[in-house]
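# Examination of the molecular architecture
The residues making up each chain are set out below.
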Amino acid sequence: MDTLNIIDYLKGNVVYLDGGMGTLLQKQGLEPGELPERWNITKPDVIKNIHKSYFDAGSNVVNTNTFGANSLKFSDEELEAIIKAAVDNAGRAAAESVGGQPKWIALDIGPTGKMLAPYGDLDFEDAVEIFAKTVRLGYKYGADLIFIETMNDSYETKAALLAAKENSDLPVFVSNAYGEDGKLMTGATPGAMIAMLEGMGADAVGINCSLGPKALFEVAEEYLKYASVPVLFKPNAGLPKAMNGETVFDVLPEEFGEDVAALVKKGVRIAGGCCGTTPEYISAVVSKTKGIVPEKIEKKKLTWVSSYTHPVIFDEKPVLIGERINPTGKKRFKEALKANDIDYILKEGIAQQEKGVDVLDVNVGLPDIDEVAMLKTAVCELQAIIDLPLQVDTSDPVAMENALRRYNGKAMINSVNGKQESMDAVFPLAKKYGGLVVALTLDEKGIPETAEGRVDIAKRIIAEAEKYGIEKNDLIFDPLALTISADNKAAKETLRALKIIKEELGCHTSLGVSNVSFGLPRREIINGAFFSLAMWQGLSAAIMNPYSEDMLRAYYAYCALAGIDDNCGDYISFAENLPAAAPGTVQNATNVSSGTSSSKATEFKSELQKAVVKGLKEQAAALTGELIKTVPPLQVVQEEIIPALDIVGQGFENKTVYLPQLLMSAEAAKYAFEKIKEAMPGGASDKCDFVIATVKGDIHDIGKNIVKLLLENYGFKVTDLGRDVAPETVAEKVAELHAPLAGLSALMTTTVPAMEETIKLLREKAPWCKVVVGGAVLNQEYADRIGADKYAKDAMESVRYAEEVNSSL
């Protein structure tokens, strides 16, 4: 809309966004269950006037009324008409506005409302295409930028950003919705999201929805600490509550403006409002921030990777990269790859995680298999049950791209080298998908004998990476450990190269430590000593065997001696768990911690219990099949499966387990239950009926599906009526089954009235039924107001309440 580029404008100015849309449409007569996007066509002047009121209040950017405009809701023909009208309505509003500020129109993209596989049924590439259709139309009809917002899943966020980057050259702002625990629904911290999104080229990142400004302060400060791009902040007007029969929010414009201004002073560069905010709120933000000189946006120059939950930063403390998912020299692993035994790979990953590694190397290169397919499968399966960042290790560019595309985070990329063909193949992938690139100091001439020769190659790699816009903090150099059995000066040159790369080039380093001892007896003795020397020369990361006691001794001793182990806590924990055994003995129960979120091993009653907790589906099914040959099926359920689910459920409630882990555990239990059902023709569902639905007008069924999966595992007979369900349909099914429980879900403020209508009809048609409600826009007070019996803040709370009701029947 404005000829000035918004990215250039951001360099010296605060950019003001608009506020809420749904609550304003409800005031204009939007009916429960009615799709607000259709108003772009049926009531264009209402939409235009709302946009104009925001521009008049001082907004620089107005989001089109397309939050839920996607091909899951609308036909291709209707979707195009809606987006064309939406952009036109915003354009007319900008033209008619009295405000003299620069103005831009953002194509608004919200979540699909579906969970991506393996936790749901929407494939990643299908999600990318759903978003791509919307992006292409917004680009076609003249949007100035793309605004991806209210995303509560890192994987869906990646799909949306990938679609935006692949189908337009517009600036892209990405905003996520964080809960009270400061994490996304699927467990991502702000650092995890920043690492991934910046790596993929987002132009601004930040927070919207969920809570009021004060409740999101800490999340915003995390963004300001780590982000190297502009940070946006678009909170709700607090929490909804009932007042005189109406829904109001508990933060008023004046307070809202002051709270947002406090963060603008700290560095927030893009500010607006979400649910419950109106033009008055935006006017207050503009007024309260007037005269604030924007903080300079500094590049943080972080060297980091991330998983779907957390980042790993390469800093003072060496990062441990588990090397065991690699067929080199491992007969059993090769057999597993040939047999497509994914559970073997998963168990190897879990075992290394329990040993305390920070990152898992994933290499499945074997001549006898399809590496492209296997690497993608291994990455997807590992990231489904393990929350460690992964190192994608392959020399095949096609396999590398397939794995990076599906990876849920910012991966380590192993590797590039000084050969031009290698850099030509790898750097475009690193630029597109983000990643920390392991750079080997070799070229067409081989590996230089001297440290200086390897450093020269490193310099050339840095220069070539710069041509792609890849800065040196996204490179980590491997100066290559060569065996001392062939050259007794080899280790010395590698150590010198480490020191020069760190001190003169200012780059981080990594080594495959065990290569140094190839061909020698008792290799672990050499490996441990070399590892210690390398760390003292500034080694940033080591690809190592976490089962080697000598390597772990070297690591924990170094951290204690270097002053990077507070109160020697990790060393003491490691040392106290060492049994009296000869050096080099592999200790299966060593309990170590290197700061990862789930490094400590848990004691399990049985292998079946462990398989369910860890989400090992095939193993859970196989173990159950064996166990029910000698143990009554219901006893297996009550003494093995349910206690395993309880372990994960309690972890979820205590915020030590995240939603993906909960879902994969439930999926493993589901596999186990299939075996139970085969042995019990009557089934294992021994508890009451529970009818669930997403209410009329709402197609977001993530929460509902999670609740369904858990309830079924706990033995409830669940009837799932699906999404966009009319109140009459819910009431009829509850009455037909005489179900004592019904669960209703809603994500959007515009569909909460349909939930209230459904509850009223249930009170009339099925007064015995207890109604449980949940969803991002609800809280206890709001649930009380619409007449619900129970507000469940998460899926496990729904299960606990259902257990109470069932026990009282």
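A brief structural summary. (Residues numbered from 1 in each chain as written. Predicted model: local features only at pLDDT ≥ 70, side-chain atom pairs only at ≥ 80, totals over all residues. Heavy atoms only, no water.)

### A short note on the overall build of the chain
Put simply, the test is: Helix numbering and strand numbering both begin at the N terminus, where a helix is a DSSP run of H or I of at least 4 residues and a strand a DSSP run of E of at least 2. The globule rule used for comparison is 2.2 Å times the number of residues to the exponent 0.38, while the radius of gyration itself is calculated over C-alpha atoms. Type-normalised accessible area, obtained with a 1.4 Å probe on protein chains alone, sets the label of each residue: buried when under 20%, exposed when over 50%, and partly exposed for intermediate values. The contact criterion used is simple: two residues touch if any of their non-hydrogen atoms lie within 4.5 Å.
The number of helices and strands found in the chain is 30 helices and 25 strands. The C-alpha radius of gyration computed for the chain amounts to 28 Å, which stays within 12% of the reference 28 Å derived for 809 residues, consistent with globular compactness. A burial count over the chain gives 61% of its 809 residues as buried. Long-range contacts, defined here as pairs at least 24 residues apart, represent 75% of the contacts in the chain between residues at least 6 apart.

### Some words on the nonpolar core
In globular proteins that are soluble, nonpolar side chains generally tend to be buried together. Stated precisely, the cut-off is as follows: Residues belong to one nonpolar core when they are buried, are Ala, Val, Leu, Ile, Met, Phe, Trp, Tyr or Cys, and are joined through side-chain atoms within 4.5 Å.
Membership of the largest hydrophobic core comes to 185 residues, with the highest contact counts inside it found for Ile-148, Tyr-223, Phe-427, Leu-475, Phe-477 and Ile-641. For this core, the element with the most residues is helix α25 (residues 659-679), which contributes 10 residues. Those residues within four positions of Tyr-223 in sequence are excluded, and the remaining contacts are Asn-176, Tyr-178, Pro-190, Met-193, Ile-194, Val-205, Gly-206, Ile-207 and Val-231. Ranked by size, the runner-up nonpolar core spans 28 residues in total, among them Ala-693, Val-734, Ala-739 and Ala-742.

### Comments concerning the packing of aromatic side chains
Cut-off, in case you're wondering: Only Phe, Tyr and Trp rings are paired, with Trp represented by its six-membered ring, and only when their centres lie within 6.5 Å; those with planes under 30 degrees apart are stacked, over 60 edge-to-face, the remainder tilted.
Enumeration according to the criterion identifies 11 aromatic pairs in this entry. Plain terms: the ring middles of Tyr-178 and Tyr-223 are 6.0 Å apart, the flat faces sit at 80° to each other, and that makes the pair edge-to-face. With Tyr-178 in the loop between β5 (172-176) and α8 (190-200) and Tyr-223 in helix α9 (residues 217-226), this residue pair connects regions lying 45 residues apart in the sequence. Across the pair, exposure class does not vary: Tyr-178 and Tyr-223 are buried alike.

### Details of the sheet that holds strand β24 (residues 770-774)
Rules: One requirement defines pairing of two strands: DSSP has to find at least two bridges between them. Helix axes are fitted only over the stretch in contact, all axes being lines through C-alpha atoms; the angle between N-to-C directions runs from 0 to 180 degrees.
On the basis of which strands lie adjacent, the open sheet formed by five strands has the order β22-β21-β23-β24-β25 and parallel pairing. Taken across any chain shown, the strands that pair with only one partner, and hence form the sheet edges, are β22 (717-720) and β25 (790-791). Two elements, β24 and β25, share two bridges in a ladder whose sense is parallel. From the neighbouring strand, Val-773 faces β25, where its bridge partner is Tyr-791. Taken strand by strand, helix α26 (residues 702-713) contacts β21 (689-694), β22 and β23 (741-745), and its axis lies near 160° from that of β22. The sheet strands contacting helix α28 (residues 752-765) are β23 and β24, and the helix crosses β24 at an angle near 175°.

### Things to note about the pairing of strand β17 (residues 436-440)
The condition is simple: By the criterion used throughout, a crossover qualifies as right-handed when its path from the first strand across the helix to the second strand runs clockwise, the strands pointing away from the viewer.
Burial within β17 is extensive, with five of its five residues counted as buried. Alternating residues of β17 divide into Leu-436, Val-438 and Leu-440 and Val-437 and Ala-439, and every residue in both groups is buried. The pairing of strand β16 (residues 412-417) with β17 spans five bridges and is classified as parallel. Looking at β17, one finds that Asn-414 is bridged to Val-438. In this region the chain leaves β16, passes through helix α16 (residues 420-433) and returns to the parallel neighbour β17; the handedness of that crossover is right-handed. In terms of handedness, the path from β17 via helix α17 (residues 451-467) over to strand β18 (residues 475-478) forms a crossover that is right-handed.

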